[in-house]
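# Observations on the three-dimensional arrangement
The primary structure of each chain is shown beneath.
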Amino acid sequence: FPPFVAGSQPAPGKANVALNTKMFVSFSESLQNTSGNLGNVKLYKVTSAYTSSESKSEVTAIVRSMDSSNKIVILAPSADLVASANYRVEVTGGLVSSKGISLGNPTISGYATQVMYKSDFDTGSATDTTIPTVSGTIPADAATGVSPTAPIVVVFSEAINPATITDSSVTV
């Protein structure tokens, strides 16, 4: 099976996104971690979205990277986004999994540039300067009788850069 987009941050339709935000696109399986492959995930500034006069310009001052699982592409603009603007993350069919399988159908002409996923969001007017906090855990702190095989869930107050979640940054 080909890889597919499992989700993205900011979430589709999200409003009032911080100007200094990073975008994350998560996939169903690991991807080839090459600059050419990561180039299939793009950020655009969009005007008149979803109208006949829609236009978009690619944000080219951007750093693309992946988390350690190679399942999450991280888009980090080199400068703050424009306030009160519409942006779109697009993923094209040329994206390839670590197994060598394309997101798009290679039997269709032009599949590599065909948009297979898009997600729009609107920026607010401020940058995010609030440090994320832990807003909850499962199991709860000091819980007893918890199975040693039960998963541990940590809920944060905002989206966290997955590349920063490591064995040394989280202690159980």
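The structure we're discussing is the one just above.
Residues numbered from 1 in each chain as written. Predicted model: local features only at pLDDT ≥ 70, side-chain atom pairs only at ≥ 80, totals over all residues. Heavy atoms only, no water.

### A short note on the pattern of salt bridges
The test is simple: Put simply, a salt bridge is a Lys or Arg side-chain nitrogen that is within 4 Å of an Asp or Glu carboxyl oxygen.
Applying the stated criterion across every chain, the model contains five salt bridges. The closest approach of N and O atoms between Glu 58 and Arg 64, which form a salt bridge, is 3.4 Å. In this structure, the salt-bridge partner of Arg 88 is Glu 90, at a minimum N-O distance of 3.9 Å. The network of salt bridges with common partners includes Glu 54, Lys 56, Arg 88, Glu 90 and Asp 120.

### Quick word on the nonpolar core
The condition that has to hold: Definition used in this section: a nonpolar core is a set of buried Ala, Val, Leu, Ile, Met, Phe, Trp, Tyr and Cys residues joined via side-chain atoms within 4.5 Å. Think of it in three bands: with a 1.4 Å probe and only protein chains considered, a residue is buried below 20% of the maximum accessible area for its type, exposed above 50%, and partly exposed in between. A run of H or I in DSSP becomes a helix once it reaches four residues, and a run of E becomes a strand once it reaches two; helices and strands are each numbered from the N terminus. Two residues form a contact once any of their heavy atoms are found within 4.5 Å.
Ranked by internal contacts, the top residues of the largest apolar core, which has 23 residues, are Phe 27, Val 41, Leu 43 and Val 91. For this core, the secondary structure elements donating two or more residues are β2 (23-27), β3 (41-47), β5 (62-66), β6 (72-77), β7 (86-92) and β8 (115-122). Residues in contact with Leu 43, not counting those within four places in the same chain, are Met 23, Ser 57, Glu 58, Val 59, Ile 62, Leu 75, Pro 77, Leu 81, Tyr 87, Arg 88, Val 89 and Phe 121.

### Considering the packing of aromatic side chains
So the rule is basically this: The aromatic pairing rule takes the rings of Phe, Tyr and Trp, using the six-membered ring of Trp, and pairs them if the centres are within 6.5 Å, calling planes under 30 degrees apart stacked, those over 60 edge-to-face and the rest tilted. Counting as a charge over the ring demands two things of the Lys NZ or Arg CZ atom: a distance within 6 Å of the ring centre and an angle within 35 degrees of the ring normal.
In this structure the tally under the stated criterion is one aromatic pair. Sitting above the plane of the Tyr 44 ring, Lys 56 keeps its charged end 4.4 Å from the centroid. One cation-aromatic arrangement involves Arg 88 over Tyr 50; the distance from NZ or CZ to the ring centre is 4.8 Å.

### A look at unusual backbone geometry
Looking along the chain, the bond that leaves Gln 9 and enters Pro 10 is cis, with omega of 0°. Here Pro 10 shows up in the loop between β1 (5-9) and β2. Of the consecutive residues Ile 138 and Pro 139, the connecting peptide bond is found in the cis state with omega at 0°. One non-glycine residue, Ser 48, adopts positive backbone phi at about 55°. Looking at where Ser 48 falls in the secondary structure, it is placed in the loop between β3 and β4 (55-58). Classification of Ser 48 by relative accessible area gives partly exposed; the value is 40%.

### Describing the side chain of Thr 92
The condition is simple: Pairs of N or O atoms within 3.5 Å make up the polar contacts considered here, provided that, within protein, one atom can donate a hydrogen while the other can accept it, and that residues adjacent in sequence are counted only when both atoms are side-chain atoms.
Among the structural elements, Thr 92 can be located in strand β7. Take Thr 92: its relative accessible area is 8%, and that puts it in the buried class. At a separation of 3.4 Å, a polar atom in the side chain of Thr 92 contacts the main-chain carbonyl oxygen of Ala 112. Not counting residues within four places of it along the chain, the set of residues in contact with Thr 92 comprises Asn 40, Leu 103, Ala 112, Thr 113, Gln 114, Val 115 and Met 116.

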